[in-house]
Amino acid sequence: KNVILAMGSVPRDLPFLKANGTNIVNSDHILKSTSIPKSMLVIGSGAVGSEFASCYQRYGTKTILVEVLPRLLPVEDEEISKEIEKSFKKKGIECHVKTAVKEVTQNPDGTLHVVADAEGTAKIWDVETVLLAVGRKPVTDGVGLETAGVATERGYVKVDAHQLTNVPGIYAIGDCTPTIWLAHVASAEGIVAAETIAGAHTYPINREQVPGCTYCDPEVASIGLTEAKAKERGYQVKVGKFNFSVLAKSQMEHTNEGFVKIVSDAKYDEVLGVHIIGPHATELIGQAAAFLKCEATTEEMIRTIHAHPTLTEAIHEAAEGVHGVQIHG
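Each value, and the rule that gives it
Residues numbered from 1 in each chain as written. Predicted model: local features only at pLDDT ≥ 70, side-chain atom pairs only at ≥ 80, totals over all residues. Heavy atoms only, no water. Pairing = 2+ DSSP bridges. Helix = DSSP H or I, 4+ residues; strand = E, 2+ residues; numbered from the N terminus. Axes fitted to C-alpha atoms, helices over the stretch in contact; angles between N-to-C directions. Contact = heavy atoms within 4.5 Å. Expected span 1.5 Å × (residues − 1). Buried < 20%, exposed > 50% of the residue type's maximum accessible area, 1.4 Å probe, protein only.

**Points about the sheet that holds strand 18 (residues 259-265)**
Then, number 1: Taken in spatial order, the five strands line up as 15-16-19-18-17 in an open sheet, and their pairing is antiparallel. For this open sheet the edge positions go to strand 15 (212-214) and strand 17 (237-243), each flanked by a neighbour on one side alone. For this sheet, the mean inter-axis angle between neighbouring strands, taken without regard to orientation, is 10°.
Then, number 2: Looking at chain direction, strand 17 and strand 18 are connected through seven bridges and run antiparallel. Counterpart to valine 237 in the pairing with strand 18 is aspartate 265.
Then, number 3: Its contacts with the sheet place helix 3 (residues 78-91) against strand 16 (219-224), strand 17, strand 18 and strand 19 (271-278), and it is angled at close to 0° to strand 19.

Structural data, given as structure tokens:
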């Protein structure tokens, strides 16, 4: 009676890249690798590219990270992007933004010759491995969607707020829909679809309150609007920041990098976005998600008592920074 399509996605390719060997890999392939390359060039600095660049740098691989857009982690708040680039460079990752890879060919010794354009300046590298991390595409070809009459757009299954397709009884969740490629999003969509099928009351997903996590070093996590997006929407924006280096817990854990940034609406004091780079950012973002879900004000964040010594104190102090009453900043 009812069917839920829960199809995934695969890494997207760059068709113009050609090589005679097998050293151009994507994230799915490299997870099966049994060796550590001496050198690697990563194309794309989104979550996947930044995670693998960070990972292999720690393995001892000479790592080069190339991004065609003006900054690393381009979907994150601009200050987060600046901080991650500074941290990566400090750790030895070679970072190149506004740089487009044009060609990859194989050298006689089996290494790969990479040619890129950096705003009119040629960049050339010879590396052992090239990792493609330029996004993903849905796996929907040849599964019978056309036969069933399910509408798609650019390969993605079109759904409504309750994950229902244009065909009664057929629902779709996860990477096959035009959504964020995150497991926790797919899981939430599955719950909405199942509750709808069961006739239970359910809540469509607020796509602007989805936490995003990047498991690089330092970790990055965010939820809600960036400062730039909030301004684009006409909000009167107030911002508070707090560095982890001030916290006793950070010093105890020897993890002093990064900061918490809170974007707030000056008119109503509503928290619009929380952006974290630093220790356990991917854990801390859960508290921020709760604040946004409850439509909390920055004042309510300030009045929420945070235990000491903990890393969550950075969220508390960043909220104080919005109002200019920061105690330890």
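**As for the side chain of serine 54**
Then, number 1: Turning to its location among the elements, serine 54 is positioned in helix 2 (residues 47-59).
Then, number 2: Discounting residues that sit within four places of it in the chain, serine 54 has contacts with Phe88, Ile93, Cys216 and Asp217.

**Focus on helix 2**
Then, number 1: The end-to-end C-alpha separation of helix 2 is 18 Å, in line with the 18 Å expected for 13 residues at 1.5 Å each.
Then, number 2: Packed against the buried residues of helix 2 are helix 1 (27-30), strand 4 (39-43), strand 5 (62-66), helix 3, strand 10 (129-132) and strand 15.
Then, number 3: Taken from the residues just after helix 2, glycine 60 is the one with a positive phi, measuring 105°.

**Here's the deal with the pairing of strand 10**
Then, number 1: The two faces of strand 10 match: Thr129 and Leu131 on one face and Val130 and Leu132 on the other face are all buried.
Then, number 2: Taken together, the three bridges between strand 3 (residues 24-26) and strand 10 define a ladder with parallel strand orientation. From the neighbouring strand, asparagine 26 faces strand 10, where its bridge partner is leucine 132.
Then, number 3: Pairing geometry for strand 4 and strand 10, over four bridges, is parallel.

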